[in-house]
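# Chain and residue survey
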Amino acid sequence: MTDSKYFTTTKKGEIFELKAELNSDKKEKKKEAVKKVIASMTVGKDVSALFPDVVNCMQTDNLELKKLVYLYLMNYAKSQPDMAIMAVNTFVKDCEDPNPLIRALAVRTMGCIRVDKITEYLCEPLRKCLKDEDPYVRKTAAVCVAKLHDINAQLVEDQGFLDTLKDLISDSNPMVVANAVAALSEIAESHPSSNLLDLNPQSINKLLTALNECTEWGQIFILDCLANYTPKDDREAQSICERVTPRLSHANSAVVLSAVKVLMKFMEMLSKDLDYYGTLLKKLAPPLVTLLSAEPELQYVALRNINLIVQKRPEILKHEMKVFFVKYNDPIYVKLEKLDIMIRLASQANIAQVLAELKEYATEVDVDFVRKAVRAIGRCAIKVEQSAERCVSTLLDLIQTKVNYVVQEAIVVIKDIFRKYSNKYESVIATLCENLDSLDEPEARAAMIWIVGEYAERIDNADELLESFLEGFHDESTQVQLQLLTAIVKLFLKKPTETQELVQQVLSLATQDSDNPDLRDRGYIYWRLLSTDPVAAKEVVLAEKPLISEETDLIEPTLLDELICYIGTLASVYHKPPSAFVEGGRGVVHKTLPPRTASNESTESPETAPAGAPPGEQPDVIPAQGDLLGDLLNLDLGPPVSGPPLATSSVQMGAVDLLGGGLDSLIGGTNFVAPPTAAVPANLGAPIGSGLSDLFDLTSGVGTLSGSYVAPKAVWLPAMKAKGLEISGTFTRQVGSISMDLQLTNKALQVMTDFAIQFNRNSFGLAPAAPLQVHAPLSPNQTVEISLPLSTVGSVMKMEPLNNLQVAVKNNIDVFYFSTLYPLHILFVEDGKMDRQMFLATWKDIPNENEAQFQIRDCPLNAEAVSSKLQSSNIFTVARRNVEGQDMLYQSLKLTNGIWVLAELRIQPGNPSCTDLELSLKCRAPEVSQHVYQAYETILKN
């Protein structure tokens, strides 16, 4: 007989009967009674009154009975903490049982009893189990540590369990390793600041060895852990990829997706020129294709992940278009997802195939799917220019079917095609006008009205067509009313004599008879424009429209990079970061892809390298979303608030105090007073010459007082990435003032106004010292040059690289983001010369491990020329001597945040065969040295 009999009893007084049975001498009767208790507990009856009787049954050798009692204990320990203490002795005893299953069962149950009073009694048994000879017990104990940490984190740390857990990563049994990794990962997630999983090449090697012999869930834990590791270089990344690749052929789809996540992350570090990179791309396609032969729910999860992968690296699946073709029996959610991926993969090579499929889908019975298919044809036309004509003829064929919803979707997408390819396909307008009467959906009606208004001069009876819409104006949706108002005003501006009555009618309907504020406001604006300045009205209403972009639904690049790090999790299905749907955000860490290697970056276009940056060090164009979007979207367009004096600012950056300290903290002398930082001159507000504009106007002559090297302007934001706005620029330091010299060019078809700029927090607190002043609207094809004064009293956050500056520029069209590397010499202050005694004492005081050695190649200058060139950029020579025919220059410089850098420069005078200079730098903040060396090289070679 099955166990279902335990759930059928409904007798009264059954608690007393169960109590008697639980205290019976017969083992079988006891077991039956415990089963009945568990059954009652399962269906929601309160059997907590039997707690002491059930706990007495723990003293048994029968494994099944022990499991049942432990199950009961887990459920009721929280409500009966005082009684639960009775069970502690049994746990301690069971943890020393000769049977490993009982030892493991005891330690597992201990972890599940969430009672503070008991936890401290369980530490000793847990410590023994973590070092148990049986791997099954050890792996169970590893998970127990994570559970215990959740109840009482301090206790776990004090008892040293975390160190024991770290030791288990080196265990000989792969399952123990996997569980230790899982436990440490979970603890690390709830405490992001603790560096528990301190991964290094040795521990990674152990994890990769265990990977081959684990169960599938163990493999997932290890792969997820590997995904959080950042290899030190591309060789290590390739080595890890080679060892993870075999997981792609695993039968479990979760293992496959975890392996894909690791490979997608580490591919960032591989150069595209490597043969291995191409091999890896080929290896990634088959497992992803195989996932699509699973059941529909798994297919959907796979497709949502593939959607992200295709946006990041379309080349992986570019030859696999056919597997995304829709099957007749696919559920609608799978069909729509496949359709989306088909459009992402559409290219000139496969467009004929794709269009044939889409045309087929447009004749299906599922209305939602048909609508999506028709829209997809329009998206293909916009994405693949060569296919536009074929797409338009396909859409016309669909319009001829006269199926109402097909016609309406076709008109909506044809409007977008007109926007993308103006003056190319207007011959089809006549066909569209024939279907005017069948339009009943707001979006389709609005699209048709837009077409009639936009091309009114080509449509003989445009006024009649628009008048037909006007008859039921109050019954239309707001979207149609707004579109109709604009279309009739366009028509009036193109044919003023014939349509005066019509425009008055629509303006009166919009302003007097409507209670919609948007419609009323637009009506009043048009009315005033037309009555006061018809020429201005023409310029506003009939202005050139910007071209629409080909991919409007791509995920924003920073978010995409974060989602790639979450492949195989809920975030990759929702296409949202975990912080968007995990309540409370506890343990949610923003993940990003590893930085690209130098060899990889050199394949990028050298033209877009920022001023003063070596061509190999291109910063990311889109800044990190978490830090930046919140800061930069909150553009403060008022005048800047003057910041506090720099001396009071002391913000910790990592382990190094990049803002305070400086030399005064090194010498500890009471008589030494550091000179004030010359970041912003004290008299900035005072009039100089003809006012503040002179100070920053480089052509006025004031700027030539200090000959600090200025790098040529470079393109920071290409027009194609900023809807027609191109920004070039460089940085200068003139008479103690830093400025950003910008050149704004309007390559769009519309006027640009309302400019504003903001910086993200950065390593040296650079911030605009005044608003971005563009005095007149920027017309199409016009260029304007602006010098933006900068201060160094902004918010500080350590950037990677240190001189990375993330910028947001706003205008009337949108907000645009870019980042650039500023040359460090703009931060060298004018009072950076140290006296000799101080130089000597400081050089000795800075530890030798902080000294960095560099070579400046092919620099045929003598000591005087070098010294004078460097001095013009505020690198001062403290002393000079000749040692064995070599000129030695001892130099000092000081950054705007008070950090001193000391240098020793060796020069071989009069030796044409040896033009290399040797540079030694010493500094309290060694991460600055590399950038100071780059500044030296930039100044001396230009």
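So, here is what we can say about the structure in this document. (Residues numbered from 1 in each chain as written. Predicted model: local features only at pLDDT ≥ 70, side-chain atom pairs only at ≥ 80, totals over all residues. Heavy atoms only, no water.)

A few words on the nonpolar core. The tendency in soluble globular proteins is for nonpolar side chains to be buried as a group. One finds Tyr-72, Leu-126, Val-244 and Phe-418 to be the most contacted residues of the largest nonpolar core, which totals 213 residues. Contacts of Val-244, omitting those with residues within four sequence positions, involve Leu-208, Leu-211, Leu-223, Leu-226, Ala-259, Val-262 and Leu-263. Phe-755, Val-807, Tyr-936 and Ile-939 belong to the second largest nonpolar core, which has 64 residues in total. (Core = buried A, V, L, I, M, F, W, Y, C linked by side-chain atoms within 4.5 Å. Buried < 20%, exposed > 50% of the residue type's maximum accessible area, 1.4 Å probe, protein only. Contact = heavy atoms within 4.5 Å.)

Moving on: the sheet that holds strand β11 (residues 886–894). Read across the open sheet, the 5 strands follow the order β9-β13-β12-β11-β10; overall the sheet is antiparallel. The sheet is open, and its two edges are formed by β9 (851–856) and β10 (876–883), each paired on a single side. Adjacent strand axes in the sheet meet at a mean angle of 20° when their direction is disregarded. Bridge count between strand β12 (residues 900–907) and strand β13 (residues 917–923): 6 bridges; the pairing is antiparallel. Its bridge partner lying in β13, Leu-905 is registered against Leu-919. Against the sheet, helix α39 (residues 863–871) touches β10, β11, β12 and β13, its axis set at about 5° to β11. (Pairing = 2+ DSSP bridges. Helix = DSSP H or I, 4+ residues; strand = E, 2+ residues; numbered from the N terminus. Axes fitted to C-alpha atoms, helices over the stretch in contact; angles between N-to-C directions.)

This part is about the packing of aromatic side chains. The way to describe two aromatic rings as a pair is by their centre distance and the angle between their planes. Taken as a whole and assessed by the stated rule, the structure comprises 11 aromatic pairs. Here the aromatic cluster, defined as three or more aromatic residues joined through ring pairs, consists of Trp-716, Phe-731, Phe-818 and Tyr-822. Looking at Lys-335, its charged tip hangs above the ring of Phe-369, at a distance of 5.2 Å from the centre. (Phe/Tyr/Trp six-rings, centres within 6.5 Å; stacked < 30°, edge-to-face > 60°. Lys NZ or Arg CZ within 6 Å of the ring centre and 35° of its normal.)

In this section: the sheet that holds strand β7 (residues 804–810). Read from one edge to the other, the open sheet built from 3 strands follows the order β4-β7-β8, with strand pairing classed as antiparallel. The open sheet has two edge strands with one neighbour each: β4 (756–759) and β8 (815–821). Between one strand axis and the next, the sheet turns through 25° on average, direction left out of account.

On to the packing of helix α27 (residues 462–470) against helix α28 (residues 478–494). Relative orientation of the contacting elements α27 and α28 amounts to 155°, with a least axis distance of 11 Å. One finds that α27 runs roughly antiparallel with respect to α28. When you trace α27 past α28, the crossing you get is left-handed. Taking contact as the criterion, the partners of Ala-462, Asp-463, Leu-466, Phe-469 and Leu-470 in α27 are, on α28, Leu-484, Ala-487, Ile-488 and Leu-491. The class makeup of the residues in the contact of α27 with α28 is 8 nonpolar, no polar and 1 charged. (Parallel < 35°, antiparallel > 145°, perpendicular 65-115°, else oblique. Left-handed = near helix turned anticlockwise from the far one by under 90°. Nonpolar A, V, L, I, M, F, W, Y, C, P; charged D, E, K, R; others polar.)

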